[in-house]
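Commentary on secondary and tertiary structure
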Amino acid sequence: MTAMNLPGELNPSVRLLMGPGPSNIHWRVYRALATPVIGHLDPEFIVMMDEISNMLRAVFQTENRLTIPMSGTGSSGMETCFVNVVEPGDKVVIGVNGVFGERMADVASRCGAEVVRIDEQWGRVIDPGRICDALGKHSDARLFAVVHAETSTGIMQPLEEVGSFLRERDTLFLVDTVTSLGGCELKVDDWGIDLCYSGTQKCLSVPPGLSPVTLSDKALEVLRNRGTEVQSWYLDLNMIARYWGEERVYHHTAPVSMLYALREALRIVLEEGLEQRFERHRMAGEYLQTGFGELGWALFAEEGRRLPMLTSVVLPRGLEDGATRRRLLDEYGIEVGGGLGETKGKIWRVGLMGETARKENADTLLSALREIWG
Ligand SMILES: Cc1ncc(COP(=O)(O)O)c(C=O)c1O
(Lines give C-alpha, C1' and ligand atoms only; values in the text may rest on other atoms or scores of the structure.)
Protein backbone atom coordinates (compact mmCIF):
# COMPACT_ATOMS: atom_id res chain seq x y z
CA MET A 1 0.00 0.00 0.00
CA THR A 2 1.42 3.42 -0.86
CA ALA A 3 1.58 5.81 2.09
CA MET A 4 -0.93 8.60 1.77
CA ASN A 5 0.52 12.08 1.76
CA LEU A 6 -1.52 13.54 4.64
CA PRO A 7 -2.36 17.25 4.51
CA GLY A 8 -0.99 19.36 7.38
CA GLU A 9 -2.93 20.36 10.45
CA LEU A 10 -5.85 22.72 9.75
CA ASN A 11 -4.75 26.33 10.12
CA PRO A 12 -7.02 28.78 8.28
CA SER A 13 -6.00 32.45 8.21
CA VAL A 14 -7.76 34.90 10.46
CA ARG A 15 -10.23 36.85 8.31
CA LEU A 16 -12.44 39.83 8.81
CA LEU A 17 -15.60 38.43 7.22
CA MET A 18 -17.26 41.37 5.46
CA GLY A 19 -18.89 39.41 2.67
CA PRO A 20 -22.54 38.36 2.37
CA GLY A 21 -22.01 35.65 5.02
CA PRO A 22 -20.63 33.87 6.90
CA SER A 23 -19.90 36.58 9.47
CA ASN A 24 -17.30 36.43 12.23
CA ILE A 25 -18.06 34.09 15.11
CA HIS A 26 -18.02 34.99 18.83
CA TRP A 27 -15.45 33.01 20.87
CA ARG A 28 -18.30 31.70 23.07
CA VAL A 29 -19.85 30.04 20.00
CA TYR A 30 -16.51 28.41 19.11
CA ARG A 31 -16.30 27.18 22.69
CA ALA A 32 -19.81 25.70 22.40
CA LEU A 33 -18.76 23.90 19.20
CA ALA A 34 -15.88 22.27 21.08
CA THR A 35 -18.18 20.98 23.87
CA PRO A 36 -18.45 17.16 24.06
CA VAL A 37 -21.18 15.66 21.91
CA ILE A 38 -24.08 13.88 23.65
CA GLY A 39 -26.88 11.87 22.04
CA HIS A 40 -29.65 13.62 20.13
CA LEU A 41 -32.21 11.87 22.37
CA ASP A 42 -30.29 12.42 25.64
CA PRO A 43 -32.64 14.03 28.21
CA GLU A 44 -30.12 16.88 28.62
CA PHE A 45 -30.14 17.48 24.88
CA ILE A 46 -33.93 17.54 24.82
CA VAL A 47 -33.89 20.34 27.38
CA MET A 48 -31.50 22.24 25.10
CA MET A 49 -33.85 21.74 22.14
CA ASP A 50 -36.66 23.40 24.07
CA GLU A 51 -34.35 26.24 25.05
CA ILE A 52 -33.38 26.74 21.41
CA SER A 53 -37.02 26.82 20.25
CA ASN A 54 -37.91 29.31 22.99
CA MET A 55 -35.03 31.61 22.12
CA LEU A 56 -35.82 31.35 18.39
CA ARG A 57 -39.41 32.39 19.17
CA ALA A 58 -38.05 35.47 20.95
CA VAL A 59 -35.80 36.38 18.00
CA PHE A 60 -38.52 35.78 15.37
CA GLN A 61 -40.96 37.65 17.68
CA THR A 62 -43.55 34.91 17.42
CA GLU A 63 -45.63 32.59 19.55
CA ASN A 64 -45.62 29.91 16.82
CA ARG A 65 -45.36 26.44 18.36
CA LEU A 66 -43.42 25.07 15.41
CA THR A 67 -40.27 27.19 15.57
CA ILE A 68 -37.20 25.03 15.00
CA PRO A 69 -33.83 24.94 13.24
CA MET A 70 -33.77 22.73 10.15
CA SER A 71 -30.61 20.71 9.54
CA GLY A 72 -29.10 22.40 6.51
CA THR A 73 -28.21 25.89 5.28
CA GLY A 74 -30.69 28.67 4.50
CA SER A 75 -31.75 27.00 1.25
CA SER A 76 -32.97 23.99 3.24
CA GLY A 77 -35.31 26.34 5.11
CA MET A 78 -36.47 27.73 1.78
CA GLU A 79 -37.25 24.24 0.46
CA THR A 80 -38.89 23.29 3.77
CA CYS A 81 -41.34 26.17 3.54
CA PHE A 82 -42.28 25.41 -0.06
CA VAL A 83 -42.44 21.60 -0.03
CA ASN A 84 -44.61 21.45 3.07
CA VAL A 85 -47.45 23.69 1.89
CA VAL A 86 -47.27 23.58 -1.92
CA GLU A 87 -48.84 20.72 -3.86
CA PRO A 88 -48.52 20.12 -7.61
CA GLY A 89 -50.82 22.47 -9.51
CA ASP A 90 -51.03 25.07 -6.72
CA LYS A 91 -50.68 28.69 -7.74
CA VAL A 92 -47.81 30.50 -6.04
CA VAL A 93 -47.07 34.23 -6.38
CA ILE A 94 -43.44 35.28 -5.92
CA GLY A 95 -41.80 38.69 -5.76
CA VAL A 96 -38.57 38.58 -7.73
CA ASN A 97 -36.01 41.40 -7.52
CA GLY A 98 -32.80 39.48 -6.99
CA VAL A 99 -31.09 36.11 -6.89
CA PHE A 100 -32.98 34.75 -3.90
CA GLY A 101 -36.42 35.65 -5.27
CA GLU A 102 -35.33 33.78 -8.43
CA ARG A 103 -34.28 30.80 -6.30
CA MET A 104 -37.71 30.74 -4.62
CA ALA A 105 -39.40 30.72 -8.04
CA ASP A 106 -37.17 27.79 -9.04
CA VAL A 107 -37.96 25.86 -5.85
CA ALA A 108 -41.72 26.52 -6.25
CA SER A 109 -41.74 25.31 -9.85
CA ARG A 110 -39.85 22.14 -8.82
CA CYS A 111 -42.76 21.53 -6.40
CA GLY A 112 -45.03 21.52 -9.47
CA ALA A 113 -46.52 24.94 -8.67
CA GLU A 114 -47.89 27.34 -11.24
CA VAL A 115 -45.59 30.30 -10.56
CA VAL A 116 -46.85 33.87 -11.01
CA ARG A 117 -43.94 36.31 -10.79
CA ILE A 118 -44.00 39.93 -9.73
CA ASP A 119 -40.70 41.18 -11.14
CA GLU A 120 -38.93 44.37 -10.18
CA GLN A 121 -35.62 45.89 -11.18
CA TRP A 122 -32.75 44.64 -9.01
CA GLY A 123 -31.89 47.10 -6.23
CA ARG A 124 -35.46 48.40 -5.95
CA VAL A 125 -38.24 47.26 -3.62
CA ILE A 126 -41.43 45.77 -5.04
CA ASP A 127 -44.19 48.27 -4.37
CA PRO A 128 -46.49 46.74 -1.71
CA GLY A 129 -49.56 48.24 -3.43
CA ARG A 130 -48.59 46.41 -6.63
CA ILE A 131 -48.22 43.17 -4.67
CA CYS A 132 -51.66 43.57 -3.04
CA ASP A 133 -53.26 44.29 -6.45
CA ALA A 134 -51.71 41.12 -7.88
CA LEU A 135 -52.81 39.08 -4.85
CA GLY A 136 -56.34 40.48 -5.22
CA LYS A 137 -56.35 39.19 -8.81
CA HIS A 138 -54.86 35.83 -7.80
CA SER A 139 -57.00 35.26 -4.72
CA ASP A 140 -56.76 31.49 -5.33
CA ALA A 141 -52.97 31.55 -4.73
CA ARG A 142 -51.69 29.09 -2.12
CA LEU A 143 -49.01 31.54 -1.02
CA PHE A 144 -47.13 34.73 -1.69
CA ALA A 145 -43.37 34.66 -1.12
CA VAL A 146 -40.83 37.46 -0.94
CA VAL A 147 -37.32 38.10 0.38
CA HIS A 148 -37.08 40.52 3.32
CA ALA A 149 -33.37 41.36 2.92
CA GLU A 150 -32.18 40.66 -0.66
CA THR A 151 -28.53 39.82 -0.14
CA SER A 152 -27.83 39.99 -3.87
CA THR A 153 -28.82 43.69 -4.09
CA GLY A 154 -28.86 45.17 -0.57
CA ILE A 155 -32.50 46.23 -0.35
CA MET A 156 -35.02 45.75 2.45
CA GLN A 157 -38.52 44.81 1.32
CA PRO A 158 -41.36 46.33 3.43
CA LEU A 159 -43.65 43.55 4.68
CA GLU A 160 -46.37 44.98 6.91
CA GLU A 161 -48.87 46.15 4.27
CA VAL A 162 -48.84 42.80 2.44
CA GLY A 163 -49.05 40.92 5.76
CA SER A 164 -52.17 42.77 6.84
CA PHE A 165 -53.70 42.37 3.35
CA LEU A 166 -53.26 38.58 3.56
CA ARG A 167 -54.25 38.17 7.21
CA GLU A 168 -57.96 37.56 6.53
CA ARG A 169 -57.36 35.69 3.26
CA ASP A 170 -56.51 32.05 2.53
CA THR A 171 -53.21 32.86 0.80
CA LEU A 172 -50.19 32.22 3.05
CA PHE A 173 -47.40 34.78 3.50
CA LEU A 174 -43.89 33.28 3.18
CA VAL A 175 -40.82 35.42 3.90
CA ASP A 176 -37.08 34.76 3.45
CA THR A 177 -35.30 36.28 6.44
CA VAL A 178 -31.91 34.63 5.92
CA THR A 179 -30.09 37.95 6.07
CA SER A 180 -32.48 39.97 8.25
CA LEU A 181 -33.03 37.76 11.32
CA GLY A 182 -31.13 39.17 14.29
CA GLY A 183 -29.98 42.27 12.38
CA CYS A 184 -33.11 44.39 11.92
CA GLU A 185 -36.74 44.55 13.00
CA LEU A 186 -38.72 41.44 12.09
CA LYS A 187 -42.08 40.80 13.76
CA VAL A 188 -43.40 37.50 12.47
CA ASP A 189 -46.70 37.60 14.39
CA ASP A 190 -47.44 41.33 14.20
CA TRP A 191 -46.69 41.40 10.49
CA GLY A 192 -48.89 38.39 9.68
CA ILE A 193 -46.09 36.16 8.34
CA ASP A 194 -47.12 32.49 8.07
CA LEU A 195 -43.89 30.81 7.03
CA CYS A 196 -40.48 32.23 7.64
CA TYR A 197 -36.99 30.78 7.26
CA SER A 198 -33.53 32.07 8.02
CA GLY A 199 -29.88 31.01 8.15
CA THR A 200 -27.38 30.91 10.97
CA GLN A 201 -24.31 32.36 9.23
CA LYS A 202 -25.43 35.96 8.85
CA CYS A 203 -26.71 38.20 11.65
CA LEU A 204 -26.83 35.35 14.19
CA SER A 205 -23.08 34.74 13.70
CA VAL A 206 -23.13 30.95 13.83
CA PRO A 207 -21.28 28.89 11.20
CA PRO A 208 -23.41 27.95 8.17
CA GLY A 209 -25.39 24.74 8.61
CA LEU A 210 -28.75 25.39 10.23
CA SER A 211 -31.89 27.11 9.04
CA PRO A 212 -34.34 28.37 11.67
CA VAL A 213 -37.95 28.17 10.46
CA THR A 214 -41.28 29.14 11.99
CA LEU A 215 -44.82 28.29 10.83
CA SER A 216 -48.11 29.84 11.93
CA ASP A 217 -51.21 27.79 12.79
CA LYS A 218 -52.67 28.87 9.44
CA ALA A 219 -49.66 27.30 7.65
CA LEU A 220 -49.87 24.15 9.80
CA GLU A 221 -53.55 23.82 8.89
CA VAL A 222 -52.60 23.81 5.19
CA LEU A 223 -49.93 21.18 5.90
CA ARG A 224 -52.45 19.02 7.80
CA ASN A 225 -55.02 19.23 4.99
CA ARG A 226 -52.72 18.30 2.10
CA GLY A 227 -54.10 15.82 -0.40
CA THR A 228 -50.62 14.53 -1.31
CA GLU A 229 -47.57 13.47 0.66
CA VAL A 230 -44.80 16.07 1.19
CA GLN A 231 -42.39 15.49 -1.74
CA SER A 232 -39.28 15.52 0.47
CA TRP A 233 -38.80 12.88 3.15
CA TYR A 234 -35.95 14.78 4.83
CA LEU A 235 -37.80 18.10 5.07
CA ASP A 236 -41.27 16.75 5.95
CA LEU A 237 -42.36 18.83 8.93
CA ASN A 238 -45.02 16.30 9.92
CA MET A 239 -42.22 13.95 10.94
CA ILE A 240 -39.70 16.55 12.11
CA ALA A 241 -42.30 18.14 14.40
CA ARG A 242 -42.62 14.81 16.21
CA TYR A 243 -38.91 14.95 17.10
CA TRP A 244 -39.05 18.60 18.22
CA GLY A 245 -42.46 18.16 19.94
CA GLU A 246 -43.62 16.09 22.92
CA GLU A 247 -43.05 12.68 21.36
CA ARG A 248 -39.30 13.01 20.59
CA VAL A 249 -39.51 10.43 17.82
CA TYR A 250 -36.22 9.94 15.97
CA HIS A 251 -36.32 11.31 12.43
CA HIS A 252 -32.67 12.04 11.56
CA THR A 253 -29.63 12.45 13.80
CA ALA A 254 -29.67 16.08 14.86
CA PRO A 255 -26.41 18.00 14.21
CA VAL A 256 -25.67 18.22 17.93
CA SER A 257 -22.60 20.50 17.82
CA MET A 258 -24.26 22.99 15.48
CA LEU A 259 -27.22 23.13 17.83
CA TYR A 260 -24.88 23.85 20.75
CA ALA A 261 -23.46 26.70 18.67
CA LEU A 262 -26.89 28.08 17.82
CA ARG A 263 -27.96 27.89 21.46
CA GLU A 264 -24.94 29.92 22.56
CA ALA A 265 -25.37 32.47 19.76
CA LEU A 266 -29.04 32.97 20.65
CA ARG A 267 -28.03 33.57 24.26
CA ILE A 268 -25.61 36.24 23.03
CA VAL A 269 -28.28 37.85 20.81
CA LEU A 270 -30.81 38.02 23.64
CA GLU A 271 -28.28 39.18 26.24
CA GLU A 272 -27.46 42.08 23.95
CA GLY A 273 -31.18 42.76 23.39
CA LEU A 274 -32.89 42.86 20.01
CA GLU A 275 -33.32 46.63 19.90
CA GLN A 276 -29.68 47.27 20.84
CA ARG A 277 -28.52 44.75 18.27
CA PHE A 278 -30.63 46.31 15.51
CA GLU A 279 -29.30 49.74 16.47
CA ARG A 280 -25.70 48.46 16.33
CA HIS A 281 -26.33 47.13 12.81
CA ARG A 282 -28.06 50.35 11.79
CA MET A 283 -25.23 52.55 12.99
CA ALA A 284 -22.47 50.39 11.49
CA GLY A 285 -24.27 50.15 8.12
CA GLU A 286 -24.95 53.87 7.95
CA TYR A 287 -21.34 54.62 8.85
CA LEU A 288 -20.02 52.34 6.10
CA GLN A 289 -22.43 53.76 3.53
CA THR A 290 -21.41 57.32 4.40
CA GLY A 291 -17.77 56.20 4.16
CA PHE A 292 -18.28 54.84 0.65
CA GLY A 293 -19.90 58.15 -0.30
CA GLU A 294 -16.80 59.99 0.95
CA LEU A 295 -14.62 57.69 -1.14
CA GLY A 296 -16.76 58.63 -4.14
CA TRP A 297 -18.28 55.15 -4.61
CA ALA A 298 -21.98 55.08 -5.52
CA LEU A 299 -24.41 52.86 -3.63
CA PHE A 300 -26.41 50.39 -5.72
CA ALA A 301 -29.61 49.95 -3.71
CA GLU A 302 -32.53 52.37 -3.73
CA GLU A 303 -32.10 55.19 -1.21
CA GLY A 304 -34.20 54.83 1.93
CA ARG A 305 -34.44 51.05 1.42
CA ARG A 306 -30.84 50.08 2.05
CA LEU A 307 -29.98 47.21 4.32
CA PRO A 308 -27.78 48.03 7.29
CA MET A 309 -26.15 44.58 7.25
CA LEU A 310 -25.37 44.38 3.52
CA THR A 311 -24.14 47.34 1.54
CA SER A 312 -24.05 47.05 -2.24
CA VAL A 313 -21.59 49.45 -3.91
CA VAL A 314 -20.99 50.14 -7.58
CA LEU A 315 -17.37 49.50 -8.56
CA PRO A 316 -15.62 52.65 -9.76
CA ARG A 317 -14.50 52.58 -13.38
CA GLY A 318 -11.07 51.01 -13.71
CA LEU A 319 -11.16 49.05 -10.47
CA GLU A 320 -10.52 45.39 -11.11
CA ASP A 321 -13.11 43.34 -9.28
CA GLY A 322 -11.47 39.96 -8.69
CA ALA A 323 -7.89 41.23 -8.33
CA THR A 324 -8.84 43.91 -5.79
CA ARG A 325 -10.91 41.53 -3.68
CA ARG A 326 -8.01 39.11 -3.75
CA ARG A 327 -5.66 41.88 -2.58
CA LEU A 328 -8.00 42.77 0.26
CA LEU A 329 -7.99 39.12 1.30
CA ASP A 330 -4.26 38.47 0.94
CA GLU A 331 -2.85 41.75 2.20
CA TYR A 332 -5.48 42.88 4.69
CA GLY A 333 -7.29 39.66 5.63
CA ILE A 334 -10.65 41.20 4.64
CA GLU A 335 -13.29 39.28 2.70
CA VAL A 336 -15.90 41.20 0.73
CA GLY A 337 -18.40 39.69 -1.71
CA GLY A 338 -18.63 40.24 -5.46
CA GLY A 339 -21.86 40.76 -7.40
CA LEU A 340 -24.16 37.81 -8.09
CA GLY A 341 -26.03 37.12 -11.31
CA GLU A 342 -26.60 40.24 -13.40
CA THR A 343 -24.48 42.42 -11.07
CA LYS A 344 -21.38 40.20 -11.30
CA GLY A 345 -18.32 42.37 -11.96
CA LYS A 346 -20.37 45.54 -11.39
CA ILE A 347 -20.93 45.72 -7.65
CA TRP A 348 -19.47 44.52 -4.36
CA ARG A 349 -21.55 43.27 -1.49
CA VAL A 350 -20.11 44.29 1.84
CA GLY A 351 -21.52 42.69 4.94
CA LEU A 352 -21.63 44.03 8.47
CA MET A 353 -23.53 41.17 10.02
CA GLY A 354 -23.81 39.93 13.59
CA GLU A 355 -20.44 40.05 15.36
CA THR A 356 -18.91 41.89 12.40
CA ALA A 357 -21.41 44.79 12.56
CA ARG A 358 -19.10 47.34 14.17
CA LYS A 359 -17.87 50.76 13.05
CA GLU A 360 -14.24 49.76 13.58
CA ASN A 361 -14.61 47.01 10.97
CA ALA A 362 -16.07 49.52 8.51
CA ASP A 363 -13.04 51.74 9.21
CA THR A 364 -10.63 48.87 8.60
CA LEU A 365 -12.12 48.26 5.16
CA LEU A 366 -12.40 51.93 4.24
CA SER A 367 -8.77 52.64 5.13
CA ALA A 368 -7.61 49.57 3.18
CA LEU A 369 -9.55 50.85 0.16
CA ARG A 370 -8.04 54.30 0.55
CA GLU A 371 -4.58 52.71 0.41
CA ILE A 372 -5.40 50.52 -2.58
CA TRP A 373 -7.53 52.91 -4.59
CA GLY A 374 -6.40 56.29 -3.25
C1 LIG B 1 -31.63 36.08 1.22
C2 LIG B 1 -31.04 34.72 1.12
N3 LIG B 1 -31.84 33.66 0.96
C4 LIG B 1 -31.36 32.41 0.88
C5 LIG B 1 -30.01 32.15 0.97
C6 LIG B 1 -29.52 30.76 0.85
O7 LIG B 1 -28.89 30.38 2.01
P8 LIG B 1 -27.70 29.29 2.02
O9 LIG B 1 -26.63 29.78 1.11
O10 LIG B 1 -27.30 29.29 3.48
O11 LIG B 1 -28.29 28.00 1.59
C12 LIG B 1 -29.13 33.22 1.13
C13 LIG B 1 -27.67 32.98 1.20
O14 LIG B 1 -26.88 33.85 1.03
C15 LIG B 1 -29.65 34.52 1.22
O16 LIG B 1 -28.85 35.57 1.38
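Residues numbered from 1 in each chain as written. Predicted model: local features only at pLDDT ≥ 70, side-chain atom pairs only at ≥ 80, totals over all residues.

Looking at the assigned domains, one finds that the protein contains domain 1 (16-21 + 273-373) and domain 2 (27-270). Inter-centroid distance (C-alpha atoms) of domain 1 to domain 2 is 26 Å. Of the residues lining the interface, 24 residues belong to domain 1; the matching set on domain 2 comes to 23 residues. Broken down by secondary-structure element, the contributors of at least two residues to the side of domain 1 that touches domain 2 are helix H10 (274-295) and strand S11 (310-314). Here the side of domain 1 that touches domain 2 is composed, by residue class, of 10 nonpolar, 7 polar and 7 charged. (Domains from an automatic or database assignment. Contact = placed C-beta atoms within 7 Å. Helix = DSSP H or I, 4+ residues; strand = E, 2+ residues; numbered from the N terminus. Nonpolar A, V, L, I, M, F, W, Y, C, P; charged D, E, K, R; others polar.)

Contacts to the ligand come from 14 residues, most closely from Thr-73, Gly-74, Ser-75, Thr-151 and Val-178. Ranked by the residues each element gives to the shell around the ligand, the list is headed by helix H3 (residues 74-85), at 3 residues. Residue classes in the shell around the ligand are distributed as 6 nonpolar, 7 polar and 1 charged. (Near = placed C-beta within 6 Å.)

With 15 residues, helix H12 (residues 359-373) should cover 21 Å at 1.5 Å per step; its first-to-last C-alpha distance of 21 Å lies within 8% of that length. Along H12, the positions that sit buried rather than exposed are Asn-361, Ala-362, Leu-365 and Leu-369. Along H12, the residues classed as buried sweep out an arc of 105° about the axis, all on the same side. Opposite the buried face of H12, by more than 90 degrees, sit the exposed residues Glu-360, Ser-367, Arg-370 and Glu-371. (Expected span 1.5 Å × (residues − 1). Buried ≥ 20, exposed ≤ 12 C-beta atoms within 10 Å, placed from the backbone. Arc of directions from axis to C-beta.)

Nonpolar side chains in soluble globular proteins tend to be buried together. Core analysis: the largest hydrophobic core is formed by 106 residues, its most contacted members being Val-92, Ala-108, Phe-144, Leu-174 and Met-309. The element contributing the most residues to this core is helix H9 (residues 256-272), with 7 residues. When residues are assigned to domains, this core turns out to be shared by domain 1 (16-21 + 273-373) and domain 2 (27-270), each giving three or more. Filtering out sequence-adjacent residues up to four positions away, Ala-108 remains in contact with Phe-82, Val-86, Val-92, Ile-94, Ala-113 and Val-115. (Core = buried A, V, L, I, M, F, W, Y, C linked by C-beta atoms within 7 Å.)

On to the pairing of strand S5 (residues 143-147), then. Where burial is concerned, most of S5 is hidden: 5 out of the 5 residues are buried. Note that strand S3 (residues 91-96) and S5 share 3 bridges and pair parallel. Each residue of the ladder has a partner; that of Val-93, found in S5, is Phe-144. As paired strands, S5 and strand S8 (residues 172-176) are joined by 5 bridges and run parallel to one another. When the sheet's bridge partners are listed, Phe-144 is paired in S8 with Phe-173. (Pairing = 2+ DSSP bridges.)

Next up on the list: the packing of H3 against helix H4 (residues 99-110). Between H3 and H4, the least distance of the axes is 10 Å, while the angle of their chain directions is 40°. Put simply, H3 runs oblique to H4. Considering only the axes of H3 and H4, their crossing is right-handed. The residues of H4 that touch H3, namely those facing Met-78, Glu-79 and Phe-82, are Arg-103, Met-104, Val-107 and Ala-108. Classifying every residue of the contact of H3 with H4 gives 5 nonpolar, no polar and 2 charged. (Axes fitted to C-alpha atoms, helices over the stretch in contact; angles between N-to-C directions. Parallel < 35°, antiparallel > 145°, perpendicular 65-115°, else oblique. Left-handed = near helix turned anticlockwise from the far one by under 90°.)

Further remarks concern the pairing of strand S13 (residues 347-351). Across the 5 residues that make up S13, a large majority, 5, are buried. Residues Ile-347, Arg-349 and Gly-351 of S13 are buried on one face, and the alternating residues Trp-348 and Val-350, pointing to the opposite face, are buried as well. Examined bridge by bridge, S11 and S13 share 5 bridges and lie antiparallel to one another. Bridge pairing in S13 links Val-314 to Ile-347.

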